[in-house]
Amino acid sequence: MKASPYIRGEADWYAPTAATMMCVWSHRPQLLHLAIFFSAYVLGCGFAEALRIVPGITVSIWPPGGVFIATLILTSPYSWPWWMLAGCLAEMFGQLVWFHSPLPAGFLIYVGNALCAAVGATLVNRICGRPVWLETLREVLAFVVLGAGVAPLVSATVGSATLAWFGVSSQTFTAVWPLFWVGDATGILLVTPLALVVIQQWRAKAQLSAAQWIEAGVLGLIFLGVAALSLSNYYLPFAYIIMPPLLWAAVRFEFKGVAVALTLLALMTMALTISGDSQFVGDPESQRQKQVMLQLFLVISAFSALIVAAISRQHQQAVLTLRQSERSLRELLETLPTHIWCTTPDGKPIYFSQQFRDFVGFNVEDKDADGASRPSNVLNAIIHPDDRDTVNALFAHSLATGEPYARKHRLRRFDGQYRWVETRASAMRNSNGALVQWNGVCLDIDDQMHAADALRRASEKLAQATQAASLAELSASIAHEVNQPLAAIVANSNACQRWLDSDPPNLERAQVTVRRIIRDVNAAADVVSRIRALFRQSVETKTSAALPSVIAEARSLMADEAAQRRVRIDADVENDLPRVTFDRIQIQQVLINLLRNGIDAMELIAGERILWMRVRRVGDVVQTEISDCGRGIEFPDKIFEPFFTTKQSGMGMGLAICRSIVESHGGRLRAENNKPHGATFIFTLPVDEKAAS
Amino acid sequence: MTTNDHIVFIVDDDARIREALTELLEAHGIRSIAYGSAGEYVRAEKPDVPASLILDVELPDINGLDLQKQIAKGSHPPIVFITGYGDIPSSVRAIKRGAVDFLTKPFSNDDLLNAVQTGLAQDREARLERAEMTALLERYSALTPRERDVLPLVVSGLLNKQAAAELGISEVTLQIHRRNVLHKMQAASLADLVRMAEKLQIPITHSRRGPES
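The notes below deal with the structure included here. (Residues numbered from 1 in each chain as written. Chains lettered and ligands numbered in written order. Predicted model: local features only at pLDDT ≥ 70, side-chain atom pairs only at ≥ 80, totals over all residues. Heavy atoms only, no water.)

On a plain count of helices and strands, chain B comes out with nine helices and five strands. When the helices and strands of chain B are listed from N to C terminus, the series reads β-α-β-α-β-α-β-α-β-α-α-α-α-α. A buried classification covers 43% of the 213 residues belonging to chain B. Partitioning the contacts of chain B with sequence separation of at least 6, the portion at a separation of at least 24 is 64%. If you sum the accessible surface of chain B, you get close to 11,200 Å²; carbon and sulfur atoms cover 52% of it. (Helix = DSSP H or I, 4+ residues; strand = E, 2+ residues; numbered from the N terminus. Buried < 20%, exposed > 50% of the residue type's maximum accessible area, 1.4 Å probe, protein only. Contact = heavy atoms within 4.5 Å. Areas by Shrake-Rupley, 256 points an atom, 1.4 Å probe, with all protein chains shown as cover.)

Set out below in structure tokens:
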């Protein structure tokens, strides 16, 4: 039986057109499949005839219904006309050979059966989708309720009405209907699972192990024995004793077991009934009730076995999924490129990942010669002696408090080499918050540690070299600053001497040179004192004071110079500023330096030259901003570096020293460009804690 | 007090140094002109008298050493370098390129004055040399082509006979040419003529012993 994909739209199905006809033609089944279907249908009719034991009643268990519905479930609706045609021929054949109903009545009954199969297959397919595997509880329930329960309502109604109408064996509608329904339902429940399993699953060759074959054999024998004993009316007059082996088959062999067992059961029942040994055979009066009992027995057996098989399959699937996820989780743990370990809440190792086992060279289960656990003997010993105490103390602290553990230390590898590792562990707690176990990772960071070490050494060397270079540059810079005026002085004094020595002495020229000498000497002295001021370690200790007083001082100190260069200094100082601790002279030096920079920056601008100071509290610092409207800063990153200068005559030390002064006060100094022009220098000083609280 | 037969150029970006040096030189009777940058010096109209150049290494536009390299092609006054930070490599470089001296500020006045005087003397000599050379070239250009042929043969020391044979003329004709050469070149003697030829870089092409075989 060819299972074609179910793709066609329903509209095509309900509105037969030329295209639909073409589809039906193109979906015609293979002749062999049709022949098999035909034979199965006829066989089913024979089976039904064999079980027809109630005199005067023409209906009994109806296996062809099961064959029909299974076939339609598996095939495309477009091929259904073909199956229906074959079914019709088979049933007419059965009528001729066994049932001997009038031909029109037989045909009408068949129409009812065909409708039942079509309704059942459509409903089951709609609910379960294709293909129908009957693997989940939902599918089994859908099949049992819709396929075996609802669909036979149609055939029972049509069939009973026909029998009553034609008065076949003078049967009434109400008397026949229940038997008809139960008969069809039993047939479907018994045969459809078998057909579905045979067609869909037997193809995928099931691999049964030797043990399973033996179990299947034993179960088969028990099943046959119990069935024979319970169904015949001589030994165990209680048919339901078959249930335990039936459910055993369902649990252990699932649908295949159920299908085989139900088939065996049906065949046994048929054989015993035919031979008259069945307990369902009785005197004519009780025969009708016995018939119902037999059908109910089969229905309940089939129903129970199918449900149990579905539950068992679902359970199996769940177990399989669980096992798979567990395996992939374990593989993940074992293959992660890090060392993973777990300990009990009191720190006893219970799991090392493969990577960790390879690193330390033993596993948690390993025992030493003395029989003691190897990890408890050795684990402590492989921590580097210098790190051991701190590691133990820290881990003990974590164990006691449940706080996460993290530590870098050296650990001896299996080959005796100590390597730096970073160990981190955290507690795993259950839903009640109780500590269940400690999970940890241990990363080999030996290479990084060595690299970091090398980097640190290199940068230290670099810093030393830079310092030396700075010193050399600084001394050269100072020498130049001082040598310029000195050279002038030497030349002028010599000239002066010449003017005085000449005859007559040229006093006028001598005076000019002497004035120049004095000027240059002062310039040299200025340079020296400037340099001394830069490097002066202020002896005045830092005192807690209000910043505005120093700002006012600095402003007045700069007032002359600012006025000379047409710069206005505006200040906006917040009231009630908290006190800060600072060295008055140093901070004044910073302020004057920044103010002078601002004035210099505006040297070349044409418009109004305003230097704007703003002092305010921001969080727990007092922030001083000095903004100019000059050209801004071209290299904001570099201006604080020593010897970086943009001025014709400048040493490039001022801002570097300002920054170091501010930082020695615990503050920060930074520069920003203003929009649209100018720059702002901002420095902060921390508020006194006493004042802040 | 200062004389006009020489000049000292000062190039320094520091006005105080310019001032002081001008004053010092003037006190020693040396006339000077000061410039603030290399560009200013190069562009300036300079008197054509023996001169010396006091050049600061650190200049706002170009480095003094680079200026020395630039003007090396033409004739320029001898250079006395002054610098705020003298280092050995740059001083060696400067001296190798012909600087008179390389002084580190603050320098002693004697050193500077000595160097300036040396520079002036060098320039004077160079100027004399250049003048003499100009005169010689003028005289040489007055010679006829034949006389120019005769000159190398005579200064090579060939006998009149040999020289005449070389040029394929008679000995008497050669003697006339030789006399004219001596006269036109204003040479007092043959030895004087040889010295002149050497200055004019006229090669000695022949030998009295005959061509080397």
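Once you've had a look at it, read on.
This paragraph deals with the pairing of strand S1 (residues 7-11) of chain B. Residue and element names in this part refer to chain B. For S1, a buried count of five out of five residues is recorded, marking the element as mostly surrounded by other parts of the structure. What you see with S1 is no split at all: Ile7, Phe9 and Val11 on one side and Val8 and Ile10 on the other are buried throughout. Strand direction decides the pairing type here: S1 and strand S3 (residues 51-56), joined by five bridges, are parallel. What sits directly across from Val11, in S3, is Leu55. In this sheet, strand S2 (residues 32-35) lies alongside S1 in parallel orientation, the contact comprising four bridges. Opposite Val11, over in S2, you have Tyr35 as the bridge partner. Regarding topology, helix H1 (residues 15-27) serves as the crossover connection from S1 to the parallel S2, and that connection is right-handed. (Pairing = 2+ DSSP bridges. Right-handed = clockwise from strand over helix to strand, strands pointing away.)

This part covers the interface of chain A and chain B. Taken together, the contacts link 22 residues of chain A with 19 residues of chain B. When chain A packs against chain B, the two sides together hide about 2,000 Å² of surface, and 56% of this comes from carbon and sulfur. Of all residues in chain A, Gln484, Arg498 and Trp499 of chain A give up the largest surface area on contact with chain B, accounting jointly for 24% of the area buried on that side. Put simply, chain A and chain B have five salt bridges between them. Between Glu23 of chain B and Arg509 of chain A there is a salt bridge, and its shortest N-O distance comes to 3.1 Å. The interface formed by chain A and chain B includes eleven residue pairs in polar contact (both at pLDDT 80 or more). Listed by contribution, the elements that provide at least two residues to the side of chain A that touches chain B are helix H15 (446-501) and helix H16 (507-535) of chain A. The residue makeup of the side of chain A that touches chain B, split by class, is ten nonpolar, seven polar and five charged. (Buried area = accessible area lost by both parts, 1.4 Å probe. Salt bridge = Lys/Arg side-chain N within 4 Å of Asp/Glu carboxyl O. Polar contact = N/O pair within 3.5 Å; in protein donor to acceptor, adjacent residues only side chain to side chain. Nonpolar A, V, L, I, M, F, W, Y, C, P; charged D, E, K, R; others polar.)

Attention shifts here to the pattern of salt bridges. Enumeration over the complete set of coordinates arrives at 37 salt bridges over all chains. Between Glu215 of chain A and Arg252 of chain A there is a salt bridge, and its shortest N-O distance comes to 2.7 Å. Here Glu215 of chain A, found in helix H9 (residues 210-231), pairs with Arg252 of chain A, found in helix H10 (residues 243-275); they are 37 residues apart in sequence, far enough to count as distant. Given a relative accessible area of 16%, Glu215 of chain A falls into the buried group. Asp48 of chain B serves as the salt-bridge partner of Arg127 of chain B, at 2.8 Å between the closest nitrogen and oxygen. Highlighted residues: Arg127 of chain B in helix H5 (residues 109-142) and Asp48 of chain B in the loop between helix H2 (38-43) and S3, separated in sequence by 79 residues. Judged by its relative accessible area of 23%, Arg127 of chain B is partly exposed.

Attention shifts here to helix H3 (residues 64-71) of chain B. Residues and elements named next belong to chain B. Every buried residue of H3 is listed here: Gly64, Leu65, Leu67, Gln68 and Ile71. Seen end-on, H3 carries its buried residues on one side only, within an arc spanning 160°. Taken together, the buried residues of H3 touch H2, S3, strand S4 (79-83), helix H4 (88-96) and strand S5 (101-104). For H3, the side-chain oxygen to backbone nitrogen distance between the N-cap and Leu65 is 2.7 Å, and the N-cap itself is Asn63. (Arc of directions from axis to C-beta.)

Residues and elements named next belong to chain A. Across the sheet, five strands lie side by side as S7-S9-S10-S12-S11; this open sheet has mixed pairing. The outermost strands of the open sheet, each flanked by one partner alone, are strand S7 (568-573) and strand S11 (669-673). For this sheet, the mean angle separating the axes of adjacent strands, direction not counted, is 15°. Looking at chain direction, strand S9 (residues 610-618) and strand S10 (residues 621-627) are connected through seven bridges and run antiparallel. Across the sheet, Val615 pairs through a bridge with Thr624, a residue of S10. Against the sheet, helix H17 (residues 547-564) engages S7, S9, S10 and strand S12 (679-686), with an angle of about 170° to S7. (Axes fitted to C-alpha atoms, helices over the stretch in contact; angles between N-to-C directions.)

Going through the model one piece at a time under the given rule, you end up with 15 aromatic pairs over all chains. Taken together, a centroid distance of 6.4 Å and an interplanar angle of 55° make the contact between Phe38 of chain A and Phe93 of chain A tilted. Taken as a pair, Phe38 of chain A in helix H3 (residues 31-50) and Phe93 of chain A in helix H5 (residues 80-99) lie far apart in primary sequence, 55 residues in all. Overall, the relative accessible area of 29% leaves Phe38 of chain A in the partly exposed class. Put simply, the rings of Phe37, Tyr41, Trp62, Phe68, Trp83 and Tyr110 of chain A touch in pairs and so form one group of aromatic residues. The ring of Tyr41 of chain B has Lys46 of chain B sitting right over it, with the charged end atom 4.4 Å from the ring centre. Its guanidinium or amino end placed over the ring of Tyr140 of chain B, Arg148 of chain B lies 5.3 Å from that ring's centre, counting from NZ or CZ. (Phe/Tyr/Trp six-rings, centres within 6.5 Å; stacked < 30°, edge-to-face > 60°. Lys NZ or Arg CZ within 6 Å of the ring centre and 35° of its normal.)

What follows deals with a nonpolar patch on the surface. Residue and element names in this part refer to chain A. Taken together, the side chains of Phe93, Leu96, Val97 and Leu103 make up a nonpolar region of the molecular surface, amounting to roughly 390 Å² of accessible area. Here the nonpolar patch takes three residues from H5, the largest share from any one element. The topology assignment puts Leu103 in helix H6 (residues 103-128). (Patch = residues over 30% accessible without salt bridge, like charges linked within 9 Å, V, L, I, M, F, W, Y side chains within 5 Å.)

For the rest of this paragraph, the subject is the pairing of S10 of chain A. Residue and element names in this part refer to chain A. With seven of seven residues buried, S10 is to be regarded as a mostly interior element. Side chains Val621, Gln623, Glu625 and Ser627 of S10 all project onto a buried face; the interleaved residues Val622, Thr624 and Ile626 project onto the opposite face, where all are buried too. Pairing geometry for S10 and S12, over seven bridges, is antiparallel. Within the sheet, the bridge partner assigned to Ser627 lies in S12 and is Thr680.

Residue and element names in this part refer to chain A. Within the open sheet, the five strands sit side by side as S2-S1-S5-S4-S3. Their pairing is antiparallel. The open sheet has two free edges, formed respectively by strand S2 (349-352) and strand S3 (405-412), since each of these has just one partner strand. Going from strand to strand, the sheet's axes swing by 25° on average, the running direction of each strand aside. In the sheet, strand S1 (residues 339-343) pairs with S2 via three bridges, with the strands oriented antiparallel. Residue Thr343 lies in a different strand from S2, and its bridge partner there is Pro349. Along the sheet, helix H14 (residues 385-401) contacts S1, S3, strand S4 (418-429) and strand S5 (435-444); its crossing angle with S3, the most-contacted strand, is approximately 150°.

Residues and elements named next belong to chain B. Within the sequence span of helix H7 (residues 160-167), burial applies to Asn160, Ala163, Ala164 and Leu167. Take H7 and look down its axis: the buried residues cluster within an arc of 100°, on one side only. Every exposed residue of H7 that faces more than 90 degrees away from the buried side is listed here: Lys161 and Ala165. In this fold, the buried residues of H7 make contact with helix H6 (145-155) and helix H8 (171-184). Backbone geometry just downstream of H7 places Gly168 in the positive-phi region, at approximately 70°.

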